[in-house]
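Structural description and commentary
So you can see what is in the structure, the chains are spelled out below.
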Amino acid sequence: MLNNLISPKTKEQILLYLAGRSQGYAREIAEYYKTSLSPIQNQLTLLENAGIIYGSSIGRTIVFRFNPRYTFYKELTALLERALQFLPVDEREQLLMNRKRPRKRSKPL
């Protein structure tokens, strides 16, 4: 969707993921998009070096979030929120559903 504006595609995927879920770590993002881990890690490093996102350690995992001190933070998040609205409905719902706890055994699917 934003591939003409934001390239490579992995960078677009990372930004959309963080816009939808507000935080994420490299392996989680790679598993969500079913891609290899190294391009995700490379783009996360580039985005962090540019000051667009920041990483914080939680145990041995580095969790990334948008940097609110980034100069164009409001504009970037507004653009990404708008881009999320144009995703297919099923893809958008899957991206915005952020379940961290396991499902209760007796609860139906």
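Placed above this text is the structure.
Residues numbered from 1 in each chain as written. Predicted model: local features only at pLDDT ≥ 70, side-chain atom pairs only at ≥ 80, totals over all residues. Heavy atoms only, no water.

1. Focus on unusual backbone geometry
We count it as follows: Strands are runs of DSSP state E lasting at least two residues, helices are runs of H or I lasting at least four, and both sets are numbered from the N terminus onward. To sort residues, take the accessible area from a 1.4 Å probe on protein chains only and compare it with the maximum for the residue type: under 20% means buried, over 50% means exposed, and anything in between is partly exposed.
Backbone geometry at Ser-22 places phi at a positive 70°, although glycine is not the residue there. Counting through the fold element by element, Ser-22 comes out in the loop between helix H1 (9–21) and helix H2 (26–33). Despite not being glycine, Lys-34 shows a phi value in the positive range, around 55°. You can see Lys-34 is positioned in the loop between H2 and helix H3 (37–49). The exposure class of Lys-34 is exposed, given its relative accessible area of 71%.

2. Considerations on H1
Defined as follows: The span one expects for a helix is its residue count, reduced by one, times 1.5 Å. Here, two residues are considered to be in contact whenever any of their heavy atoms come within 4.5 Å of each other.
An ideal rise of 1.5 Å per residue puts 18 Å on 13 residues; H1 measures up with 18 Å between its terminal C-alpha atoms. Listed in full, the buried residues belonging to H1 are Thr-10, Glu-12, Gln-13, Ile-14, Leu-15, Leu-16, Tyr-17, Leu-18, Ala-19, Gly-20 and Arg-21. Structurally, H1 contributes buried residues whose contacts are with H2, H3, strand S1 (53–58), strand S2 (61–66), helix H4 (73–85) and helix H5 (89–96). Ser-22 sits one or two residues past H1 and shows a positive phi near 70°.

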